[in-house]
Amino acid sequence: MMRSLYSGVAGLKTHQTRMDVIGNNIANVNTTAYKSSSMTFSELMSQTTQKASGANATTGVGGTNAKQIGLGVKAGAINTAITTQGSAQSTGNPFDIMITGDNFFVVSNGSENFFTRDGSFYVDGAGNLAMTSTGYNVMGWGVDETTGNIKQDTVTALRIMSAANMTYPPEATTQANISGILDENDKDVTSANGKTVNLNFFDARGYSYTAKFTFKQSSGTASNEYSMELTKLLDSTGAEIDISKVKFGDNSTQTLQTPVTFAGDTYEWDGKQLKTKADKKVVADLSVAFNADGSLIDTSNDAAAAKAQQETLDAIAAAYGYEGSTDEFLKLYQKDAKGTEVTVETMLGNMAKTTTAQGDLVLTTDKDKPMTMDGRFFEGVKVIFDTDTGKLKQVGSNVTDFKTNVDFTPLGGNFSNITIDLSECTNYDNKGTSTIGATSGDLDGLGTGRRLGDMIGVFIQKDGMIYASYDNGMTKLLGQIATAAFANASGLEKQGDNLYSATLNSGEFDGIGVDITAGGGYMSPGQLEMSNVDLSSEFTEMITTQRGFQANSRIITVSDTLLEELTNLKR
């Protein structure tokens, strides 16, 4: 009877342990990534009162089984359903991550690595990705600065909000393209000012600029030919930058039948002086701009003289209807008797000479006798279209890939050489409207350049790759979250706070970890893994445990009654 008492006690203790396991499961029904436990029973031991015997062939007596009396029960094993996936809970937080698969996150307290399925993370004050509950750093792999790819080495803390990651460096524009229709009936194209196309680009420091290119149509039989020239360069404030040192194309000629008329009602020439007709005020003196031999005075070392020279030329251009377009005016030419192109600048020089030679062309000074110019000189490239197809035929001297270069490097080391692709330009009829426009970057979007970018967001991919997005349109790989995989995940030891540590039976962590996609798993940002506790199963187990506890307590009471009867045999 004493044996039955102790068997009952063992049963009570074991069922109490099972109830403890069930209670812990129910208590953690809402714990993130909690893995439920279950307990199995095994008998404690048995007392053998008679051993088994074999059959005796001599006597003909058969064998007997052993006589054993059990002495109770014990907890056989407490198993954790660690590989059973919990349901997904959407949080909307990009740093909440759920693992699908058998892998674990690797976190560290600075001296030891732990493993968890709890993907509730945040970025701490130092910029590290860390657990919200413990502050332990999430471990992963950094980026190889040479290749820009993930370097899978010993895991380290993922510092995704470092100072270097908060901005994306600027880059100079190196490629551009001009595309669209250049309609020969467009009034802008046929006007004196031409069709203007703006190209926005960046220098190496991220400053933005606007380069203004002008297309002008040739006249006569060369109407399929256009000049393309850089006319202005503006910085981000709208201030104009001197482009005299910028290299674009060559000194070319363009056939352009242009009438030049002197405003004789307002101005008159008096020798080398241009005066207002009404009050005889001198507005320009050729001797200020030209030497006695007709050449331009060199004013490169005299700012005051250069200003006076420019004002003189501007006043003359205005008198001939080219106010604000002095350079354009001076580059117009008319062919002399020998077929030589004589520019307006040369004509003015001839007028400034002490003695004008016979045959020297000079500008008209009579309002009733306008001059028709044969063309003009310009710095740039010729763009020639095929008259049959309307497609490009030639850009400058290039008849294959239709590209040209603008070298801004003379303006400073922060500028670059920009290659402009015109291959998508056409010369079609679009009812007098040109759609031609310029875009930074080639036709594949490469070489666009960019300004300095500020971080505006962080996103995590299914493979654990962490990327930052910037307001200049760029993205940057910051690192990758590493995971750990174990041969026997059930052998991990719980350490509290949803953490596990490796044991001899789970298998060791090699310090490097694995890419989660290697085993077919993946991460789901914005979600957390819920507890895998099944309440219906737990309540059922609770009922059977309660009944088992009651039955074992009944063993003790019945055994006590028997002992009482034994005691009462002698009164």
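Structure: see above.
Residues numbered from 1 in each chain as written. Predicted model: local features only at pLDDT ≥ 70, side-chain atom pairs only at ≥ 80, totals over all residues. Heavy atoms only, no water.

## Quick look at the pattern of salt bridges
Counted according to the given criterion, the structure contains 13 salt bridges. The partner of Asp270 in a salt bridge is Lys275, with the nearest N and O atoms 2.8 Å apart. The exposure class assigned to Lys275 is buried, which follows from its relative accessible area of 14%. Between Arg451 and Asp471 there is a salt bridge, and its shortest N-O distance comes to 3.4 Å. In this pair, Arg451 sits in the loop between strand 30 (437-440) and strand 31 (453-460) while Asp471 sits in the loop between strand 32 (465-470) and strand 33 (475-481), placing the two residues 20 residues apart along the sequence. (Salt bridge = Lys/Arg side-chain N within 4 Å of Asp/Glu carboxyl O. Buried < 20%, exposed > 50% of the residue type's maximum accessible area, 1.4 Å probe, protein only. Helix = DSSP H or I, 4+ residues; strand = E, 2+ residues; numbered from the N terminus.)

## Brief notes about the nonpolar core
Core analysis: the biggest nonpolar cluster contains 32 residues, and Ile178, Phe213, Phe215, Met228, Phe408, Ile420 and Leu422 have the highest contact counts within it. Contributions of two or more residues to this core are made by strand 14 (175-181), strand 15 (195-202), strand 16 (208-217), strand 17 (225-235), strand 25 (371-385), strand 26 (392-395) and strand 28 (417-421). When residues no more than four places from it in sequence are discounted, the contact partners of Phe215 are Ile178, Leu182, Val189, Gly194, Lys195, Val197, Ser227, Met228, Val383, Leu422 and Ile436. Counting residues in hydrophobic clusters, the runner-up holds 28 residues, among them Tyr267, Phe290, Tyr320 and Leu348. (Core = buried A, V, L, I, M, F, W, Y, C linked by side-chain atoms within 4.5 Å. Contact = heavy atoms within 4.5 Å.)

## What to know about the layout of surface pockets
Size it by volume and the largest pocket reaches roughly 1,400 Å³. In this structure, the largest pocket is lined by 37 residues; those nearest its centre are Thr231, Ile243, Asp327, Glu328 and Lys331. Of the residues contributing to the lining of the largest pocket, the split by class is 12 nonpolar, 11 polar and 14 charged. Estimated volume of the second largest pocket: approximately 210 Å³. What lines the second largest pocket is a set of 13 residues, and nearest its centre among them are Gly142, Val143, Arg159, Asn165 and Leu478. For the lining of the second largest pocket, the secondary-structure elements that each account for two or more residues are strand 12 (156-157) and strand 33. With 3 residues, strand 33 is the largest single contributor of residues to the lining of the second largest pocket. For the lining of the second largest pocket, the class distribution of residues is 7 nonpolar, 4 polar and 2 charged. (1 Å grid on protein atoms, 1.4 Å probe; cavity = no way out; pocket = protein on both sides within 12 Å on 5 of 7 lines; lining within 4 Å. Points joined across faces, edges and corners; volume = space filled by probe spheres on them. Nonpolar A, V, L, I, M, F, W, Y, C, P; charged D, E, K, R; others polar.)

## Comments concerning the sheet that holds strand 21 (residues 273-276)
The sheet built from 3 strands is open, its strands ordered 20-21-22 with antiparallel pairing. The sheet is open, and its two borders are formed by strand 20 (267-270) and strand 22 (282-285), each paired with just one other strand. Neighbouring strand axes in the sheet, compared pairwise and without regard to direction, differ in orientation by 25° on average. Sheet topology places strand 20 next to strand 21; 4 bridges connect them, and they run antiparallel. When the sheet's bridge partners are listed, Trp269 is paired in strand 21 with Leu274. Packing against the sheet, helix 4 (residues 303-319) makes contact with strand 20, strand 21 and strand 22, and its axis sits at approximately 115° to strand 22. (Pairing = 2+ DSSP bridges. Axes fitted to C-alpha atoms, helices over the stretch in contact; angles between N-to-C directions.)

## Let's talk about the side chain of Asn350
Summarising the element assignment, Asn350 is placed in helix 6 (residues 344-352). Residue contacts for Asn350: discarding those within four places in its chain leaves Thr356, Asp360, Leu361 and Val362.

## Here's the deal with the environment of Asp560
With respect to the element layout, Asp560 can be found in helix 7 (residues 535-567). For Asp560, a relative accessible area of 46% puts it in the partly exposed group. C-alpha separation for the pair Asp560 and Asn251, spaced 309 residues apart in sequence, amounts to 121 Å.

## Notes on helix 7
Its 33 residues give helix 7 an end-to-end C-alpha distance of 48 Å, which sits within 8% of 48 Å, the value for a rise of 1.5 Å per residue. Among the residues of helix 7, those classed as buried are Glu538, Thr545, Gly548, Asn552 and Ser559. In this structure, the buried residues of helix 7 make contact with helix 1 (2-27). (Expected span 1.5 Å × (residues − 1).)

## Considerations on the packing of aromatic side chains
Taken as a whole and assessed by the stated rule, the structure comprises 18 aromatic pairs. Both rings, one in Phe115 and one in Phe509, keep their centres 5.2 Å apart while their planes meet at 70°; by these two values the pair is edge-to-face. With Phe115 in strand 8 (residues 113-116) and Phe509 in the loop between strand 36 (499-501) and strand 37 (522-525), the pair connects residues that are 394 residues apart, well separated along the chain. For the residue pair Phe115 and Phe509, the accessibility class agrees, reading buried in each case. Taking NZ or CZ as reference, Arg18 lies 5.4 Å from the ring centre of Phe41, over its face. When the ring centre of Phe104 is taken as origin, the NZ or CZ atom of Arg117, which lies over that ring, is 6.0 Å away. (Phe/Tyr/Trp six-rings, centres within 6.5 Å; stacked < 30°, edge-to-face > 60°. Lys NZ or Arg CZ within 6 Å of the ring centre and 35° of its normal.)

## A few points about unusual backbone geometry
Even without a glycine there, the phi angle at Phe402 is positive, about 55°. Relative to the helices and strands, Phe402 resides in the loop between strand 26 and strand 27 (403-407). Phi angles above zero are rare outside glycine, and Asn498 is one such case at about 65°. Residue classification places Asn498 among the partly exposed residues on the basis of a relative accessible area of 23%.

Honestly, that's just the spatial picture; any functional story needs more than this.
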